[in-house]
Amino acid sequence: MMRNLLLLVALATVATCRPRTLVILENVLTKETHSSFLADLGEKDTDVTYKYATDSSLTIKKYGERLYDSIIVLAPSVAAFGNALTPADFLDFVDAGGNLLMTASNKVGEPIREIAAEVGVEIDEAGTSVIDHMNYDVTDEGDHDLIVADDFTKTKVIVGDSPAPVLFKGVGMAADSDNPLVIDILKASQTAYSHSPDQDILEYPLAIGSSLLLVAGMQARNNARVVVLGSHDMISDAFYNAKTQTVRGAANEAGNRAFASAVTDWALKRNGDLRFGAVKHNKVGEEPSDVAYRITDDAEYSITIEEMQNGKWVPFQAKDVQMEFVRIDPFVRAFLVPDSAGVFKATFKVPDVYGVFQFKVNYDRTGYTHLYSTTQVSVRPFRHTEYERFIPSAYPYYASAFSMMGGLIVFSFIFLYHQDKPKTE
């Protein structure tokens, strides 16, 4: 009986460790039009809770603590969230470390635009669409706003190895040039622009060409992630099962499903999340310890780094991780060499300067969470008994001292025993 009780407690503990995701739906039809996306989300080892955008019980935090690890908002045209939730509440959620994924459309509501603007993404006004007269799909109804897009970011951890072209029908976005944290996940082609299909162009559009974003991301300084999709339809069942064909190309299966799955995995931190484990340092040939190093010692440093891939922690593999040995400024900077277990190592010579130093690893790459590790150590000078008995660089001084002593002996011998011959008349 006790064993069964302990087993139930262990299973409950494991269940509570699963990431919690809130999906906010615009209406009941969204479950039908986006059933494939929601089904894929249910297979991502996360506890999913569904709420409607106007639900009076909608809440994302309680007693000052967030109730979910991630929020997915599939309500692009919502005018106001239920339970008096405001865009500021979602921004506080991100500030607290939560992840956020939102979809927009050409009927985008002000709450979605306001949240996006606060994270460095400006969504064009409602009623506008992304138009491309050169790369529209053959099934377009005449406005050329059903386009085929394939200008993905080069960061594979976000979009996968080789994403296929996707169908897009929605609103355009532009990145805030003053925000270096925004990631251009999917850009429009050089011939695209954002405007209302039914109006003449009298003013310069929000953005044109490759500056026009279709999908944008942002990783905050606290490693929270935000993704904004300019098209609510691009993750719908209709687009998942469609084919892409421009007027100049052949028909191919749309890559919407694989692209949406990869971007969702990144937004929920199922990919690209880094953590470090054991940090060790020691003199070469000795066991790790906290004993101070001596100048010019040969030292060895190692750190274990793991990466989240498809929801599982695996050894991280990269060739650009560096370690710095810092005392105000770096005295040593060396690349860390990984092994198959994700243990990164470097061997170096301690500089001929004593003081308080730090082993520092500061790894910041697009698509990965910021990895930062510091370990403080002391470096001492030689003790008086540790210097060499005779220093080669001092040999000239030794020679001059002995030559002076030898000269004194010769002079003394000559002075004492030398006698001039008496002069004769």
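Residues numbered from 1 in each chain as written. Predicted model: local features only at pLDDT ≥ 70, side-chain atom pairs only at ≥ 80, totals over all residues. Heavy atoms only, no water.

Caption draft 1: Here's a closer look at the pairing of strand S24 (residues 329-335). Where strand S23 (residues 322-327) and S24 come together, six bridges link them in antiparallel fashion. Residue pairing in the sheet places Gln-322 in a bridge with Phe-335 of S24. Taken together, S23 and the strand that follows it, S24, pair antiparallel across an intervening segment of one residue, in which Ile-328 is found at a positive phi of about 70°. (Pairing = 2+ DSSP bridges. Helix = DSSP H or I, 4+ residues; strand = E, 2+ residues; numbered from the N terminus.)

Caption draft 2: Quick peek at unusual backbone geometry. The residue Asp-45 is not glycine, and still its phi comes out positive at about 55°. By secondary structure assignment, the location of Asp-45 is in the loop between helix H3 (35-42) and strand S2 (47-52). Here the phi dihedral of Thr-296 falls at roughly 70°; this positive angle occurs in a residue that is not glycine. Looking at the element boundaries, Thr-296 is found in the loop between strand S20 (293-294) and strand S21 (298-309).

Caption draft 3: Region of interest: the sheet that holds strand S27 (residues 355-363). With respect to topology, five strands assemble into an open sheet ordered S20-S28-S27-S23-S24, the strand pairing being mixed. Edge positions in the sheet fall to S20 and S24, since each of these pairs with one other strand and no more. Bridge analysis of S20 against strand S28 (residues 371-380) gives two bridges, and the strand direction is parallel. Bridged to Arg-294 within S28 is Arg-380.

Caption draft 4: Seen up close, a negative patch on the surface. A cluster of like negative charges, contributed by Glu-122, Glu-125, Asp-176, Asp-178 and Glu-203, occupies part of the molecular surface. You can see Glu-122 is positioned in strand S7 (residues 121-123). Taking the relative accessible area as the measure of exposure, Glu-122 reaches 42% and is therefore partly exposed. (Patch = residues over 30% accessible without salt bridge, like charges linked within 9 Å, V, L, I, M, F, W, Y side chains within 5 Å. Areas by Shrake-Rupley, 256 points an atom, 1.4 Å probe, with all protein chains shown as cover. Salt bridge = Lys/Arg side-chain N within 4 Å of Asp/Glu carboxyl O. Lys, Arg positive; Asp, Glu negative; His and termini not counted. Charge placed at Lys NZ, Arg CZ, Asp CG, Glu CD. Buried < 20%, exposed > 50% of the residue type's maximum accessible area, 1.4 Å probe, protein only.)

Caption draft 5: Just helix H4 (residues 87-95), in detail. Along H4, the residues that are buried comprise Pro-87, Phe-90, Leu-91, Phe-93 and Val-94. Down the axis of H4, the buried set is contained in an arc of 150°. They therefore lie on one face. Buried positions along H4 lie against strand S1 (20-25), strand S4 (65-66), strand S5 (70-74), strand S6 (99-103), helix H5 (110-118) and strand S16 (225-229). (Arc of directions from axis to C-beta. Contact = heavy atoms within 4.5 Å.)

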